[in-house]
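So you can see what is in the structure, the chains are spelled out below.
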There are 2 protein chains.
Amino acid sequence: MAIDREKFPPLYRTVANNDDGLESHSYVPGGLDVLTSHPLEDAPGANPEQFIGLALSTCLNATLEAIEKKRALTHTSQVHTIVEMARDRRGFQFYLTAEVKIPGVDLETATAMVDLAERRCPVAKLLSGSDNVQVKLVQEFTPITTIDAG
Amino acid sequence: MAIDREKFPPLYRTVANNDDGLESHSYVPGGLDVLTSHPLEDAPGANPEQFIGLALSTCLNATLEAIEKKRALTHTSQVHTIVEMARDRRGFQFYLTAEVKIPGVDLETATAMVDLAERRCPVAKLLSGSDNVQVKLVQEFTPITTIDAG
C-alpha cells in the first residue's frame, strides 16, 4: 500500500548522508558520524552490512521490549543479526539472519512474541518483501566465523 | 528468488547486536558501538531510523562510485536519505526518501546512473518490495525540518 501521509503523518524526521563514497564517512548532521570502509579491505571502518544489521537488531529488540513491557515481563530479549555479502546476478547481495533469544519466557510464548515483533517492527516491514531476510528464534546465538575471501 | 548459497557463497560475514533494548547501545563485536535512544525522547543516541538511512546512503553512494570509476568519471555523487517515522495500522512505519545528487554529469546520464545503482545496490534490493522507499535524483537536497511531536 502506498504511503498515506494524511492518515499517518510523520512524527519524527532525520537524515543520513554519504557524500564521498565507501572509503570515507557516513553521518547524521549534528549526530552520529562514522568512518566507513570496504568490507573486504583490511581497513578500520563500518560498512552498509553493519548499518543494516544494526537497524534490524535495534528495531526488532525495541519492538520486543515494548511487547515485554505491555505484558509486564522482565526484559530478556536479545537480537543478533548476521549479515553476509555475496555476488549476485547483477552486482552484490546481502543475506540477513536475525537471531532472537528470549530466555525469560517459554518456547511457545517466545515464538508468538517473535512473530508479533516481526509484523510490528518498521525495519522488518521494509524488508518483508525480500527472500534474503530471515528472523528466527534461537536457544543460543550462532558463533560468527569470519570469511577469508583472499 | 530464494537464497542460492552454492551459486553465490558469502564473501564477507559480520554481526550486529542489540541486547538491552532501545535505551542502551547497539554494536558490532570489536567494531562500531553506538549509544541508542528513542527518537521522540530528548536524549543523545542514534536510532533504527538513522541506521537504515546510513545503510541506504552508504550502499547507494558506494554503488554510484563504482559506476563512476568504471566510466572514468570524477566522483561527484552524493546520497542523503531522509527517514521519517509514523504510526501504521499496526505499530509504526518508516518512510525513506533517498535523494541523489550527481553534479558532475548531465541530467540524462545521471538519471541512467541512479536507475542502475538502485538495481545493483544490495540495500536497495532488500528494500525493493516496499512501497515506503523512494530513490530520486535531485538538483538540490531538501532542507530537513525537524518535527515537534509534542
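The numbers attached to residues start from 1 for each chain and follow its sequence in the written order. Chains and ligands are labelled sequentially in the order written, the chains with letters from A and the ligands with numbers from 1. Restriction of local features to residues with pLDDT of at least 70 applies here, the model being predicted, together with a cutoff of 80 or more for giving and counting side-chain atom pairs; totals for whole chains, interfaces and linings are based on all residues. Side-chain measures were taken over the full set of non-hydrogen atoms in the model, leaving aside hydrogen atoms and water.

Student: If you had to explain the overall build of chain A to someone new, which residues and values would you point to?
Tutor: On a plain count of helices and strands, chain A comes out with three helices and six strands. Think of it this way: any DSSP run of H or I at least four residues long counts as a helix, any run of E at least two long counts as a strand, and we number them from the N terminus. In chain A, the order of α-helices and β-strands from amino to carboxyl end is β-β-β-α-β-β-α-α-β. Summary of the burial criterion: residues with accessible area below 20% of their type's maximum are buried, those above 50% are exposed, and those between are partly exposed, where the area comes from a 1.4 Å probe applied to protein chains only. Burial statistics for chain A: of 150 residues in total, 54% are counted as buried. Considering only intrachain contacts with a sequence separation of at least 6, the fraction spanning at least 24 residues in chain A is 46%. Per-residue and other accessible areas were derived by the Shrake-Rupley procedure at a 1.4 Å probe size, with only the shown protein chains allowed to occlude residues. If you sum the accessible surface of chain A, you get close to 7,100 Å²; carbon and sulfur atoms cover 50% of it. Distance from the positive charge centre (14 side chains) to the negative charge centre (21 side chains) of chain A: 10 Å. The contact criterion used throughout is that any non-hydrogen atoms of two residues lie within 4.5 Å. Neither His nor the chain ends contribute to the count of charged residues, in which Lys and Arg are positive and Asp and Glu negative. Lysine's charge is taken at NZ, arginine's at CZ, aspartate's at CG and glutamate's at CD.

Student: Report on the packing of helix 1 (residues 48-70) of chain A against helix 1 (residues 48-70) of chain B, specifying residues and quantitative values.
Tutor: Only the contacting stretch of a helix is used when fitting its axis, a line to C-alpha atoms as for every element, and angles between N-to-C directions run 0 to 180 degrees. At a closest axis distance of 8 Å, the pairing of helix 1 of chain A and helix 1 of chain B adopts a crossing angle of 160 degrees. One finds that helix 1 of chain A runs roughly antiparallel with respect to helix 1 of chain B. Two packed elements cross with a definite hand, and for helix 1 of chain A against helix 1 of chain B that hand is left-handed. Across the interface between the two elements, Pro48, Phe51, Ile52, Leu54, Ala55, Thr58 and Cys59 of chain A from helix 1 of chain A touch Pro48, Phe51, Ile52, Leu54, Ala55, Thr58 and Cys59 of chain B from helix 1 of chain B. Amino acid classes used here: Ala, Val, Leu, Ile, Met, Phe, Trp, Tyr, Cys and Pro are nonpolar; Asp, Glu, Lys and Arg are charged; the rest, including Gly, are polar. When its residues are assigned to classes, the contact of helix 1 of chain A with helix 1 of chain B shows 12 nonpolar, two polar and no charged. Every angle not falling under 35 degrees, over 145, or within 65 to 115 is termed oblique; those three ranges are roughly parallel, roughly antiparallel and roughly perpendicular. Should the near helix be turned anticlockwise from the far one by less than a right angle, the crossing is left-handed, and should it be turned clockwise, the crossing is right-handed.

Student: Please provide a residue-by-residue account of helix 2 (residues 107-120) of chain A, values included.
Tutor: At 3.6 residues per turn, the α-helix brings residues three or four places apart onto the same side. Residue and element names in this part refer to chain A. To estimate how far a helix should extend, the number of its residues minus one is multiplied by 1.5 Å. Here helix 2 is 14 residues long and its end C-alpha atoms lie 20 Å apart, about the 20 Å a rise of 1.5 Å per residue gives. The complete set of buried residues in helix 2 reads Ala110, Met113, Val114, Leu116 and Ala117. Projected down its long axis, helix 2 carries its buried residues within an arc of 170 degrees, all on one side. Seen from the buried face of helix 2, the exposed residues on the opposite side, beyond 90 degrees, are Leu107 and Glu108. On its buried side, helix 2 packs onto helix 1, strand 5 (92-101) and strand 6 (133-137). Polar contacts, as counted here, are pairs of nitrogen or oxygen atoms within 3.5 Å of one another; within protein the pair requires one atom able to donate a hydrogen and one able to accept it, and residues that are adjacent in sequence qualify only if both atoms are side-chain atoms. The opening residue of helix 2, the one whose side-chain oxygen lies 3.0 Å from the backbone nitrogen of Glu108, is Asp106. This arc is taken over the directions from the axis of the helix to the C-beta atoms.

Student: For the relation of the copies chain B and chain A, give the residues involved together with the corresponding values.
Tutor: Here the copies are matched by least squares. The fit uses the C-alpha atoms of residues with pLDDT of at least 70 in both. Superposing chain B onto chain A takes a rotation of 180 degrees plus a shift of 0.0 Å along the axis, which leaves an RMSD of 0.0 Å. On this basis, the relationship between the two copies can be described by a two-fold rotation axis. Looking at the rotation axis and the C-alpha trace of chain B, the residue lying nearest is Gly129 of chain B, at 2.2 Å. Comparing interface residues between copies, 100% of those in chain B also lie at the interface in chain A; the contact surface is shared.

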